[in-house]
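What the coordinates show
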Amino acid sequence: MGQVIDNRYKIIKKIGEGGMGAVYLAEDTRMERQVAIKRLHLVGRATDIDFFRKRFEREAKVMARLQHPNIVSAFDYGQDQEGVYLVLEYMPNGSLVERLRKGIISPEEAAKILIPLAEALQVIHHQDRVHRDVKPGNILFDAYDNPKIADFGVVK
């Protein structure tokens, strides 16, 4: 770790991984805050880097327009020698998947999660968008345990 992206984002550790990339905890050295870096590693892959760059750009701009306390904020996006990246609000309290693995959630706790998410989805729909990938892995919790919708890569 310790890599610096865009002379600004210092990678601290990997916090998630998928088929084409990973999510890292990083420090935004300019703003002095922790962020999440969603990075697609495209080096050495037979893929259209421009396609993914445009997709990340679109995802970042969609998220930037969706101002709501229960939607993960996007701060920046870019491309470097390793691929494309998206800078997001860091969500330190994990995902709904992790909570469900610990056991059953009470009806009261479920309501505390679902009602704010329904309000966030309403904001998305009022902008003539559909998330298309609402699932426990895309429901994250901030430092105050507020649920937030993440991953707007397939929004239409």
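Above this text sits the structure in question.
These numbers come from a predicted model, not from an experiment.

Overview of the packing of aromatic side chains
Applying the stated criterion to the full structure yields zero aromatic pairs. It is R33 that lies over the ring of F75; its NZ or CZ is 3.8 Å from the centre. The side chain of R99 reaches across the aromatic face of F141, ending 3.5 Å from its centre.

A look at unusual backbone geometry
Phi at D6 takes a positive value of approximately 55 degrees, unusual for a residue other than glycine. Along the chain, D6 falls in the loop between strand 1 (4–5) and strand 2 (9–17). Of the residues examined, D6 reaches a relative accessible area of 45% and is grouped as partly exposed. Phi at E32 takes a positive value of approximately 55 degrees, unusual for a residue other than glycine.

Here is what the cut-offs are and how they apply
- Positions within a chain are numbered from 1, following the residues in the order the chain's sequence is written.
- For this predicted model, a pLDDT threshold of at least 70 governs which residues receive local features, and a threshold of 80 or more governs which side-chain atom pairs are given and counted, while totals over whole chains, interfaces and linings are taken from all residues.
- Hydrogen atoms and water are omitted, and side-chain values are computed over all heavy atoms in the structure.
- Pairing of aromatic side chains here covers Phe, Tyr and the six-membered ring of Trp, requires ring centres within 6.5 Å, and sorts the geometry by plane angle: under 30 degrees stacked, over 60 edge-to-face, intermediate tilted.
- The criterion is that NZ of a Lys, or CZ of an Arg, lies within 6 Å of the ring centre and within 35 degrees of the ring normal, and then a charge sits over that ring.
- Helix numbers and strand numbers start at the N terminus; a helix is a DSSP run of H or I with at least 4 residues, a strand a run of E with at least 2.
- Only protein chains enter the accessibility calculation, which uses a 1.4 Å probe; a residue whose area is less than 20% of its type maximum is buried, one above 50% is exposed, and one in between is partly exposed.

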